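The primary structure of each chain is shown beneath.
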Amino acid sequence: MPGENTTASPLVGLLSSISSQWGTSTSVTAILVALSIAFLSTLISGGRSNDKVYDLGGVSIITAWTFFTKRYDFLRGHFKATGEKIFRFRVLQHRVYALKGEQTRKVFFTDQGLDMKEGYRILMGGAPVLDDINVKAENDDKDGVSGFVKRLLLLLRKDRVTDVLPVLLEDVNRRMKGWGAEGKINPFKEVYDLVFQMTVRMATCRELSEDQEAIDRLTQHYWDLEKAATPVALLLPWFPGPAKKAKEKATMDLYLLISSYVDLRRKASTPSMDPIDILIQNGYNNETIIGTILGIVFAGVINTGMNSCWALLYLGANPTWKQKAADEYKALVDKYTNTLSTEPLYKRLSTIPLHAWEDELPSMDLIIRETLRLSMSGTALRRNLGEDITIGHAVIKRGDFLAYSTADVHLNPSIYSNPATFDPERYNESRQEDRKEHFGYVGWGVGRHPCAGMKIAKLEMKLVLAMLLLGYDYELVNGAGQYPKSLPEQDRNDIQQARPLGDPCYLKFKRTAE
């Protein structure tokens, strides 16, 4: 029967995870409590429904264990085993519907009753949530428009991005100088940190952006928060184990760190045009400002930073596209800067107008688009907060959850030829593979939830790649200093970020321009 292979090993994983988080003296009681609640929740949920949707059944906490430990494999395996477009399982008392295919994708991304925030809050974890430390931010969601999105767009106005662009390049240059004139770096550390630096600049204030020790602490707090998002913590958020305590501590540490800078800016004699000051001037209280900042930085942590790293690896393995990108940047420099200038590269790049970065780098746009397709294969989540929805044979009731693996579209050979291959030309007018199906590409969000930060995310990636492609020669090497036999693969089971699997891949670099 489909789904039978998701019982014994998840039970072992659950027991060992709880036991490892609790000492031997308390783990038995904790395990019994957890399993008793899981069993009772299965009875309360009433077993299978009368519809024709395949239900994985079983004890919910055991059946769903792999959804939290190996989510990509869980969804892929059960779709293959059932041969269905929809199947159902439970996370304690919650019903979750897993979806695949074009028609279900259309409903998932467009139905007015499906709420993204609630879906991720319960089934994802890893993001800082102020409610966890009993801090309440104001709820200013109106007319279906997220208050967070409104505040984000306020900070990303074109005039402000134009003003801060030279500072972003100066930040990147300063961090890159710390690498030295030549050497070897792990892009998933050093390049990732560059993007984190830019995101902090775009979300906070000068004082924090220029305090390296504070940025290091901020980075560590986010890392601590992610480590606390264990399967036990996600399945049993009330469970009073070390993971819950670690999550609350990391969230409180983030809150207090950002709060100190909000207080600093409130007391400043002269207001600035930094993000914190803009939010203060627009009447937001401290809790709302802090929540906004934490959300913006979290998005930069899990998406833009990783995507920049993968783009550099793909270009390193594809010299034709690497040269195309470099030539495109050189053309931009020739068009908008003084070619006889002896100023440092970052200063020359800072004179290029914003519209040129956004509109005059078509090859880079294709490279970024293809990088996101390959690296973004995680699971999108929603919760139905509206009326009942019928999808095929399934009736999605109010309170039910939906899970859609973006690999269903991004790695689909019926849409993308050789889907595992880096091929930016697949989006050119002659091929347009991403238009073969409705919502055939979801890298920047679609439907009701397009990515509000898309332009700044693309800009940050373009700035980092410009500094590297114009200021450095680099090649890919493995730990032994040789060209790798193959690129690392994304850990598609990592529910937070597309980290690399296998042997590390480094950038061996030499600085060629100041």
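The coordinates are above.
This report concerns the structure included in the present document. Bear in mind that the values here come from a model prediction, so they are computed numbers and not experimental data. (Residues numbered from 1 in each chain as written. Predicted model: local features only at pLDDT ≥ 70, side-chain atom pairs only at ≥ 80, totals over all residues. Heavy atoms only, no water.)

1. With respect to the nonpolar core
Then, number 1: Within the largest apolar cluster, 124 residues are counted, with the highest numbers of intra-cluster contacts made by Trp179, Ile258, Tyr329, Leu349, Trp357 and Leu465.
Then, number 2: With 17 residues, the top contributor of residues to this core is helix H16 (residues 286–317).
Then, number 3: Every residue in contact with leucine 465, bar those within four places of it in the chain, is listed here: Ser308, Ala311, Leu312, Leu315, Tyr329 and Met364.
Then, number 4: Formed by 29 residues, the second largest nonpolar core is a distinct cluster that contains Phe89, Val91, Phe239 and Ile495. (Core = buried A, V, L, I, M, F, W, Y, C linked by side-chain atoms within 4.5 Å. Buried < 20%, exposed > 50% of the residue type's maximum accessible area, 1.4 Å probe, protein only. Helix = DSSP H or I, 4+ residues; strand = E, 2+ residues; numbered from the N terminus. Contact = heavy atoms within 4.5 Å.)

2. As for the environment of aspartate 327
Then, number 1: In this fold, aspartate 327 is placed in helix H17 (residues 319–336).
Then, number 2: Its relative accessible area of 40% is what places aspartate 327 among the partly exposed residues.
Then, number 3: In sequence terms aspartate 327 and leucine 469 are 142 residues apart; their C-alpha atoms lie 9.3 Å from each other.
Then, number 4: A polar atom in the side chain of aspartate 327 sits 2.8 Å from the side chain of glutamine 323. (Polar contact = N/O pair within 3.5 Å; in protein donor to acceptor, adjacent residues only side chain to side chain.)

3. Focus: the side chain of serine 308
Then, number 1: Locating serine 308 in the fold gives a position in helix H16.
Then, number 2: Engagement of the side chain of serine 308 in a polar contact is seen with the backbone oxygen of threonine 304, the distance being 2.9 Å.
Then, number 3: Excluding residues that lie within four positions of it along the chain, serine 308 makes contacts with Val191, Val195, Met461 and Leu465.

4. Quick look at the sheet that holds strand S10 (residues 472–477)
Strand pairing in a sheet is mediated by backbone hydrogen bonds. Such pairs are either parallel or antiparallel.
Then, number 1: Strand order across the open sheet formed by 3 strands is S5-S13-S10, with antiparallel pairing between neighbours. Each having just a single partner strand, strand S5 (182–185) and S10 make up the two edges of the open sheet. Strand-to-strand twist across the sheet, computed as the mean angle between neighbouring axes with direction ignored, equals 20°.
Then, number 2: Where S10 and strand S13 (residues 506–511) come together, 6 bridges link them in antiparallel fashion. (Pairing = 2+ DSSP bridges. Axes fitted to C-alpha atoms, helices over the stretch in contact; angles between N-to-C directions.)

5. Notes on the environment of leucine 468
Then, number 1: Residue position: leucine 468 is located in helix H22 (residues 454–471).
Then, number 2: Spatially, the C-alpha atom of leucine 468 lies 9.7 Å from that of threonine 512, the residues being 44 residues apart in sequence.
Then, number 3: Setting aside residues up to four positions removed in sequence, leucine 468 forms contacts with Met176, Trp179, Val191 and Leu312.

6. Observations regarding the sheet that holds strand S2 (residues 86–91)
Then, number 1: What the 6 strands build is an open sheet, ordered S1-S2-S3-S9-S6-S4; its pairing is mixed. In the strand order of this sheet, the two ends are held by strand S1 (54–55) and strand S4 (114–115), each with one partner.
Then, number 2: When strand S6 (residues 379–384) meets strand S9 (residues 401–405), the two strands line up antiparallel, connected through 5 bridges. Residue pairing in the sheet places alanine 380 in a bridge with tyrosine 404 of S9.
Then, number 3: The strands touched by helix H5 (residues 71–82) are S1, S2, strand S3 (94–99), S6 and S9; relative to S2, the strand with the most contacts, the crossing angle is about 135°.
Then, number 4: Contacts from helix H6 (residues 102–110) reach S2, S3, S4, S6 and S9, with the element oriented near 120° to S9.

7. Digging into the packing of H16 against H22
Then, number 1: In contact at an axis separation of 10 Å, H16 and H22 are set at 40° when each is read in the N-to-C sense. When the axes of H16 and H22 are compared, the pair comes out oblique. For the pair H16 and H22, the sense of crossing is right-handed. Contact residues: H16 offers Thr304, Asn307, Ser308, Ala311, Leu312 and Leu315, while H22 offers Ala457, Glu460, Met461, Leu465, Leu468 and Leu469.
Then, number 2: For the contact of H16 with H22, a count of residues per class yields 8 nonpolar, 3 polar and 1 charged. (Parallel < 35°, antiparallel > 145°, perpendicular 65-115°, else oblique. Left-handed = near helix turned anticlockwise from the far one by under 90°. Nonpolar A, V, L, I, M, F, W, Y, C, P; charged D, E, K, R; others polar.)

8. Brief notes about the pattern of salt bridges
Then, number 1: In the structure shown here, the tally under the stated rule is 35 salt bridges.
Then, number 2: Measuring nitrogen to oxygen at the nearest pair gives 3.8 Å for the salt bridge that ties lysine 227 to aspartate 224. Of this pair, lysine 227 and aspartate 224 both sit in helix H12 (residues 212–227), 3 residues apart, which is roughly one turn of that helix.
Then, number 3: A network of salt bridges, in which partner residues are shared, links Asp171, Arg174, Arg201, Arg206, Glu207, Glu210, Arg265 and Asp277. (Salt bridge = Lys/Arg side-chain N within 4 Å of Asp/Glu carboxyl O.)

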